[in-house]
Amino acid sequence: MSQPLLEVNNIAHSFDTLLFSNVNFSLLPSQSKAIVGRSGSGKSTLLHIFSTFIKPDEGSVKLFDKEIYAQKDNAIEALRRYDLGIIFQFHYLFKGMSARDNIEVASLLSGEKIDDAILEKLEIKSLMQQKVGELSGGQQQRVSIARVLSKKPRIIFADEPTGNLDKETAKLVMDVLLTYIQETDAALVLVTHDEALAKRCDKIYRLEDQVLLDED
Ligand SMILES: Nc1ncnc2c1ncn2[C@@H]1O[C@H](COP(=O)(O)OP(=O)(O)O)[C@@H](O)[C@H]1O
Ligand SMILES: [Mg+2]
């Protein structure tokens, strides 16, 4: 059995009230896991905890076998830059720059090349010269996904990545993400409202009543 890329033990976190406790979770190479649950249940917080952005009140989060919140800032920065693909609800593209330049910034930072096949699969190859500010929300979303994939992350954390896409485009994005993890032995954690997309993952978890339940 290969080593987990992510291993979470007994985490708990509160803001004003307890969001969740006793959360355990792990992720193997080429595995995809979905997290569903009602709005406000703490899904985004959980994803931020998994992906270096929020230190939980309790428990352990190991990325690539290292306790993440015990590491120095520059080690965490390096992880974010080279190893983690983070697709959050709000994408941070430079609106005045072309789609291609936006993607190039990410691939330059990580030392990887842009993969034309990914641009083709996401159906954005013909948009590369346009300024991001001129693209539709759904097109921008796909540019931001291409930007994340172009750095060849080992884990993708996606928070409602298809939230502003029509059904067909959402399916296409899901195809690209799942193919990517299969081909590269990366892994995917997907937070979504969309049960049909969740079902395409290897496993589904539900965050409810302050616990993360395994649906299978
Ligand atoms: N940084 C924060 N400070 C205080 N409260 C927060 C913060 N982030 C989230 N919350 C609260 O935690 C709860 C869960 O939020 P969130 O994780 O975004 O849930 P979900 O993604 O499932 O909708 C909400 O009540 C939200 O207002
Ligand atoms: Mg959320």
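These remarks concern the structure in this document.

Scanning the chain for helices and strands turns up seven helices and 10 strands. Relative to the globule expectation of 17 Å for 216 residues, the C-alpha radius of gyration of the chain, 17 Å, shows essentially globular dimensions. Viewed in the frame of its principal axes, the chain has a C-alpha envelope of about 50 × 40 × 35 Å. Split into buried and exposed, the 216 residues of the chain put 38% on the buried side. Within the chain, contacts between residues separated by at least 24 positions form 71% of all contacts whose residues are at least 6 apart in sequence.

This brings us to the environment of aspartate 194. For aspartate 194, the position within the fold is in the loop between β8 (187-191) and α7 (195-198). As for aspartate 194 and alanine 106, which are separated by 88 residues in sequence, their C-alpha atoms are 28 Å apart. The residues touching aspartate 194, leaving out its near neighbours within four places in the chain, are Thr162 and Ala170.

Let us now look at the nonpolar core. Counting residues in each nonpolar core, the largest one holds 58 residues, and the members touching the most others are Phe50, Ala146, Ile155, Ile156 and Phe157. The biggest single contributor to this core is helix α6 (residues 167-184), with six residues. The contact partners of isoleucine 156, leaving out residues within four places of it in the chain, are Gly85, Ile87, Val148, Leu177, Ile181, Ala186 and Leu188.

Let's shift gears to α6. Over its 18 residues, α6 extends 26 Å from the first C-alpha to the last, a length consistent with the 26 Å expected when each residue adds 1.5 Å. By the burial criterion, the buried members of α6 are Ala170, Val173, Met174, Leu177, Tyr180 and Ile181. Angular distribution of buried residues about the axis of α6 spans 125°; they occupy a single face of the element. Facing away from the buried surface of α6 by more than 90 degrees, the exposed residues are Glu168, Gln182 and Glu183. Against the buried residues of α6 lie β3 (32-36), α5 (137-150), β7 (155-159), β8 and α7. Just downstream of α6, aspartate 185 is the residue with a positive phi angle, here 60°.

Glancing now at the sheet that holds strand β1 (residues 6-14). Spatially, β2-β1-β4-β5 is the arrangement adopted by the four strands of the open sheet, whose pairing is antiparallel. One side of each edge strand has no neighbouring strand; the edge strands of this open sheet are β2 (18-27) and β5 (66-67). With six bridges connecting them, β1 and β2 associate as antiparallel partners. Residue pairing for β2: serine 14 is matched across the bridge by leucine 18. Lying on the sheet, helix α1 (residues 43-50) is in contact with β1, β2 and β4 (58-63); it crosses β1 at an angle near 130°.

Phe15, Leu19, Gly37, Ser39, Gly40, Ser41, Gly42, Lys43, Ser44 and Thr45 make up every residue found near ligand 1. With three residues, the single largest contributor to the shell around ligand 1 is α1. Tallied by class, the residues present in the shell around ligand 1 amount to two nonpolar, seven polar and one charged.

For the rest of this paragraph, the subject is unusual backbone geometry. Despite not being glycine, serine 30 shows a phi value in the positive range, around 65°. Here serine 30 is to be found in the loop between β2 and β3. The residue aspartate 185 is not glycine, and still its phi comes out positive at about 60°. Residue position: aspartate 185 is located in the loop between α6 and β8. Judged by the 13 C-beta atoms lying within 10 Å of it, aspartate 185 falls in the partly exposed class.

Each value, and the rule that gives it
Residues numbered from 1 in each chain as written. Chains lettered and ligands numbered in written order. Predicted model: local features only at pLDDT ≥ 70, side-chain atom pairs only at ≥ 80, totals over all residues. Helix = DSSP H or I, 4+ residues; strand = E, 2+ residues; numbered from the N terminus. Rg over C-alpha atoms; globule rule 2.2 N^0.38 Å. Buried ≥ 20, exposed ≤ 12 C-beta atoms within 10 Å, placed from the backbone. Contact = placed C-beta atoms within 7 Å. Core = buried A, V, L, I, M, F, W, Y, C linked by C-beta atoms within 7 Å. Expected span 1.5 Å × (residues − 1). Arc of directions from axis to C-beta. Pairing = 2+ DSSP bridges. Axes fitted to C-alpha atoms, helices over the stretch in contact; angles between N-to-C directions. Near = placed C-beta within 6 Å. Nonpolar A, V, L, I, M, F, W, Y, C, P; charged D, E, K, R; others polar.

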